Amino acid sequence: MRYAETGFNLEIDLSRGNIERVETDPRDTELHLGGLGTNAKILWDRVPPEVEPFSPDNLLIFSTGLLCGTPAIGANRTIVTTYSPQTLLLAYSMMGGFWAPELKYAGYDKVIFRGKSPNLVYLWINGDKVEIRDASHLHGKGPLETAELIKDELNEPKVQVAAIGLAGENRAYYASIEHGRSSASRLGVGAIMGDKRLKAIAVRGTKDINIARPAEFMELCNQVLEYIKFRQENPIKGVPPILASLGSPQEMTLRDEEWHTTSFSWGHARRRRKDFWTKEREEKWTRIQDKAVLRLLSCYNCPNKCGATISYPALGSPRYMMKCYSKLTYVMASMSDDLEFGFKIAGQAQEYGLDGYTTPQVMAFAVELYENGILTDKDMPGFPPRSPNGSDEERFFWLLDKIVRREGIGDVLANGVYWAARQIGKGAEAYDHNTTKKHEQMVIKLGMLNPIYYLMYGTGEKVNITQIEGQIPQAPFPSQELREEFVRDWIQVPTGKEERFKQFIMEWGDEGKVFPYYPPADLICDLVEWQEMMHYIDDATGVCAGLSSFPLKPAYHIHNYPAFISAATSIDIDEDGLWEIAKRNRTLLRAINVRRGLRGKDDEPPADHWRRRFPEYEAKLKDEYYKFRGWNSDGIPTKETLNGLSLDYVGKDLEERGILGDGKAEGALKTSTGEGSEK
Ligand code: SF4
């Protein structure tokens with residue numbers, strides 16, 4: 001009997017209209033757990049590096065995590081994995097909500113799509129009955145409207161739907177997949193879904209999931225629930241309110257926006273407005289938010305209400321779900337002072353199916369090019385003037401429509417800042433200042449280099465820092481009392497690292513113990529690894545990072561995770577074993593990207609993320625980290641490292657391709673505009 005997982009994947013060939021239920025290999029679960037880990041294994045095995053993102057041979061995998069659908073609190077992530085049209089590397093984007101548990105209850109761990117449908121279709125999974133259905137009547141519809149129409153036509157109000165909007169249908173590189181209560185929005189997974197002519201996946205399931213040792217498992221779940229309650233009642237002291245609790249940052253209840261509006265950059269990630277937040281603004285924004293937030297929402301089996309239904313009389317779009325920083329991304333990029341504008345445009349963009357993080361950055365980039373004469377009225381006929389309040393609100397609505405339809409300049413901007421800059425030319429590349437590995441990054445600009453974030457930004461495979469960071473405070477605690485209080489019950493620290501990590505917190509900020517040359521490189525490597533490993537465990541189990549790898553002092557950690565996994569699956573695993581799986585998954589992702597052309601020179605944060613940079617020290621740090629990870633000086637995992645993680649077949653492949661060995665082989669990726677992906 002298989003426990004926690006169903007042991008079956010659905011394989012859908014959209015070119016032929018073929019549907020198969022395929023039993024999976026339990027050995028893969030032991031080696032990679034599930035979710036992102038097994039997705040990576042499938043992509044390695046089945047998609048050669050020469051395959052372009054918009055090729056029918058690219059796979060699009062919707063996966064549950066190993067613990068999804070079990071009573072584990074917050075185990076609800078759907079992990080969508082494919083090759084990104086934006087970075088040309090592996091993309092993995094995740095969404096919460098209810099979709100993944102429903103797929104498990106339908107009897108499947110993953111749905112794997114290959115090929116391309118000749119017409120727009122949707123997949124209807126109703127337990128054992130699975131069919132590909134015509135979706136021509138859904139063409140151009142928003143994801144939320146699509147979900148409602150599908151529920152009506154199937155007469156199944158409880159069905160869970162993941163869908164794309166017009167942006168995905170038109171293959172905008174930052175198109176999202178929306179699921180009512182969450183979205184998989186980074187790295188263009190919606191564009192791949194649109195390219196496959198797949199409008200939506202509707203799923204309904206009523207089967208049970210087997211748990212190996214149910215009583216033990218429920219006891220662990222109760223402990224996590226109790227801890228969440230404790231943390232809700234005892235927020236961390238000495239950090240900004242947004243970082244003090246568990247879950248996705250609690251933007252929907254938070255009214256104090258001083259931290260975001262004064263620390264993050266405005267416009268095209270250029271300007272700080274340190275005096276923006278005033279009492280009057282706080283009162284005005286509070287009134288707007290109170291009117292807009294209809295009710296707070298949780299994902300499946302989680303007590304934290306991180307999201308909210310947004311309903312605003314001024315909205316031209318339907319009610320939608322919002323969480324986290326998307327409340328402010330459009331406001332700040334457009335230099336607007338008006339939160340109402342933010343709610344309005346975010347709703348419209350979501351119904352188009354666009355990533356709320358990248359989209360405003362691309363639009364601010366276009367505005368900057370226009371203001372500097374690189375884009376002109378000839379390129380953008382009808383582009384509105386600046387709004388009377390000095391913001392770019394009207395321009396943003398104009399650009400949004402062009403991008404989503406790929407009309408005129410929108411066809412170029414729909415490819416994201418990196419590619420658009422190279423297509424536009426005329427010096428536009430110089431304005432591509434906030435991407436890493438061709439992808440838009442956090443709009444935060446700081447003074448002094450943070451060596452921990454330098455490594456996380458540069459060497460991470462996920463691109464977006466929020467999926468790598470967590471657990472370490474972003475700044476030293478200002479007093480000895482706060483430091484002592486923080487380390488007193490810091491139980492999440494890995495075994496053997498307690499003293500050093502606690503000493504770091506106790507000293508950090510003292511004279512001589514400040515960035516960039518503090519802490520020592522070996523400790524930096526340990527801290528970065530810890531943060532990364534916890535994310536890789538979450539991504540394999542399907543547990544929300546908001547309860548585990550992302551916040552300070554989370555509910556799930558390296559000490560209780562093995563017991564969860566063992567009790568759920570009957571796989572005998574301890575902390576070391578789990579760490580090794582996380583390392584294996586992390587290394588496999590690295591190898592996939594290396595096979596697609598990633599090299600050490602690509603491992604760099606955005607050029608001006610910090611004002612004070614230290615090129616020699618940074619190079620040394622990166623080198624230390626590569627050694628720590630068992631990678632060579634070009635960021636490629638060595639054969640010994642791969643063999644030690646039971647990834648011998650990866651080393652052999654890299655050797656045969658000349659990537660390992662003499663090190664002379666060039667990457668498989670083409671890097672000039674338009675060549676990386678089929679149009
Ligand atoms: S912590 Fe928030 S984002 Fe995470 S599962 Fe719970 S409600 Fe969803």
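**Focus: the state of the cysteines**
Phase 1: Under the definition given, this model contains zero disulfides.
Phase 2: The thiol of Cys-324 is not disulfide-bonded; the next cysteine sulfur, from Cys-306, is found 8.8 Å away.

**Considerations on the confidence of the model for the protein chain**
Phase 1: Across the protein chain, the average pLDDT comes to 93, with 96% of residues at 70 or higher.
Phase 2: Note that pLDDT drops below 50 for residues 663-679; the model gives that stretch 46 contacts with residues more than four away or on any other chain.

**Details of the sheet that holds strand S15 (residues 320-323)**
Adjacent strands of a sheet form backbone hydrogen bonds with each other and so pair up, either parallel or antiparallel.
Phase 1: A sheet is described by the order of its strands in space; here three strands give the open sequence S13-S14-S15, paired in antiparallel fashion. The two strands at the open ends of the sheet, each matched to only one other strand, are strand S13 (293-297) and S15. The average angle at which neighbouring strand axes cross in this sheet is 35°, direction not considered.
Phase 2: Where strand S14 (residues 307-310) lies against S15, four bridges are found, and the strand directions are antiparallel. The residue of S15 that forms the bridge with Gly-307 is Lys-323.

**Notes on helix H10 (residues 326-333)**
Phase 1: Among the eight residues that make up H10, seven are buried, leaving the element largely enclosed by the rest of the structure.
Phase 2: Turning to H10, the residues buried within the fold contact helix H8 (258-263), helix H9 (279-292), S15, helix H11 (339-352), helix H12 (358-371) and helix H13 (393-405).

**Observations regarding the nonpolar core**
Phase 1: Grouped together as the largest cluster of nonpolar side chains are 207 residues, with contacts concentrated most on Phe-62, Val-111, Phe-113, Ile-125 and Tyr-556.
Phase 2: Of the residues forming this core, the biggest block, eleven residues, is contributed by helix H19 (residues 521-541).
Phase 3: Those residues in contact with Ile-125, other than ones at most four positions away along the chain, are Leu-10, Leu-103, Ala-106, Tyr-108, Val-111, Val-130, Ile-201, Ala-202, Val-203 and Arg-204.
Phase 4: Counting residues in each nonpolar core, the second largest holds 13 residues, with Leu-120, Ala-147, Leu-154 and Val-161 among its members.

**Some details on unusual backbone geometry**
Phase 1: Of note, the amide linkage connecting Phe-515 to Pro-516 takes the cis form, showing an omega dihedral of 5°.
Phase 2: Checked against the element boundaries, Pro-516 lands in the loop between helix H18 (498-507) and H19.
Phase 3: With an omega of -5°, the peptide bond between Tyr-518 and Pro-519 qualifies as cis.
Phase 4: Following the sequence through the fold, Pro-519 ends up in the loop between H18 and H19.
Phase 5: Even without being glycine, Arg-406 reaches a positive phi, approximately 55°.
Phase 6: Topologically, Arg-406 is positioned in the loop between H13 and helix H14 (409-413).
Phase 7: Arg-406 sits in the buried class, given a relative accessible area of 16%.
Phase 8: Non-glycine residue Lys-553 carries a positive phi angle of around 50°.

**Side note on the sheet that holds strand S1 (residues 8-13)**
Phase 1: The mixed open sheet is built from six strands, whose spatial order is S2-S1-S6-S3-S4-S5. In the strand order of this sheet, the two ends are held by strand S2 (18-23) and strand S5 (90-95), each with one partner. The sheet shows a mean angle of 15° between the axes of neighbouring strands, taken without regard to direction.
Phase 2: In this sheet, strand S6 (residues 110-114) lies alongside S1 in parallel orientation, the contact comprising five bridges. Bridging across to S6, Ile-12 finds its partner in Phe-113.

**Some points on the packing of helix H16 (residues 451-459) against helix H22 (residues 615-629)**
Phase 1: For the pair H16 and H22, the least separation of the axes is 11 Å and the interaxial angle reads 65°. What the angle tells us is that H16 and H22 run roughly perpendicular. Where H16 crosses over H22, the two elements pack in a sense that is right-handed. Judged by residue contacts, Pro-451, Tyr-454, Leu-455 and Thr-459 of H16 engage Tyr-617, Glu-618, Ala-619, Leu-621, Lys-622, Tyr-625 and Tyr-626 from H22.
Phase 2: Along the lines of polarity and charge, the residues of the contact of H16 with H22 split into eight nonpolar, one polar and two charged.

**Details of the packing of helix H17 (residues 480-488) against H18**
Phase 1: Direction vectors running N to C along H17 and H18 enclose 160°, while the axes themselves pass 9 Å from each other. Judged by the angle between their axes, H17 and H18 are roughly antiparallel. Here H17 runs over H18; the crossing is right-handed. Between H17 and H18, the contacting residues are Gln-480, Arg-483, Glu-484, Phe-486 and Val-487 on the first element and Lys-502, Ile-505, Met-506 and Glu-507 on the second.
Phase 2: In terms of residue class, the contact of H17 with H18 is made up of four nonpolar, one polar and four charged.

**Let's talk about the side chain of Thr-262**
Phase 1: Looking at the element boundaries, Thr-262 is found in helix H8.
Phase 2: Only 2.5 Å separates the side chain of Thr-262 from the backbone oxygen of Glu-258, close enough to count as a polar contact.
Phase 3: With sequence-adjacent residues up to four places away left out, Thr-262 is seen in contact with Arg-272, Arg-273, Lys-274, Phe-276 and Trp-277.

**Let's talk about the packing of aromatic side chains**
Phase 1: Counted under the stated rule, the structure contains 32 aromatic pairs.
Phase 2: Measuring from centroid to centroid gives 5.1 Å for Tyr-556 and Phe-564, while their planes differ by 50°, and the two rings are tilted.
Phase 3: Classification of Phe-564 by relative accessible area gives buried; the value is 0%.
Phase 4: The structure contains a cluster of three or more aromatic residues connected by ring pairs, namely Phe-477, Phe-486, Trp-490, Phe-501 and Trp-530.
Phase 5: We note Arg-171 situated over the ring of Phe-54; from NZ or CZ to the ring centre the distance is 4.2 Å.
Phase 6: Just above the ring of Trp-44 sits the side chain of Arg-595; from NZ or CZ to the centre is 3.7 Å.

Rules used throughout
Residues numbered from 1 in each chain as written. Predicted model: local features only at pLDDT ≥ 70, side-chain atom pairs only at ≥ 80, totals over all residues. Heavy atoms only, no water. Disulfide = S-S within 2.5 Å. pLDDT = per-residue confidence, 0-100. Contact = heavy atoms within 4.5 Å. Pairing = 2+ DSSP bridges. Helix = DSSP H or I, 4+ residues; strand = E, 2+ residues; numbered from the N terminus. Axes fitted to C-alpha atoms, helices over the stretch in contact; angles between N-to-C directions. Buried < 20%, exposed > 50% of the residue type's maximum accessible area, 1.4 Å probe, protein only. Core = buried A, V, L, I, M, F, W, Y, C linked by side-chain atoms within 4.5 Å. Parallel < 35°, antiparallel > 145°, perpendicular 65-115°, else oblique. Left-handed = near helix turned anticlockwise from the far one by under 90°. Nonpolar A, V, L, I, M, F, W, Y, C, P; charged D, E, K, R; others polar. Polar contact = N/O pair within 3.5 Å; in protein donor to acceptor, adjacent residues only side chain to side chain. Phe/Tyr/Trp six-rings, centres within 6.5 Å; stacked < 30°, edge-to-face > 60°. Lys NZ or Arg CZ within 6 Å of the ring centre and 35° of its normal.

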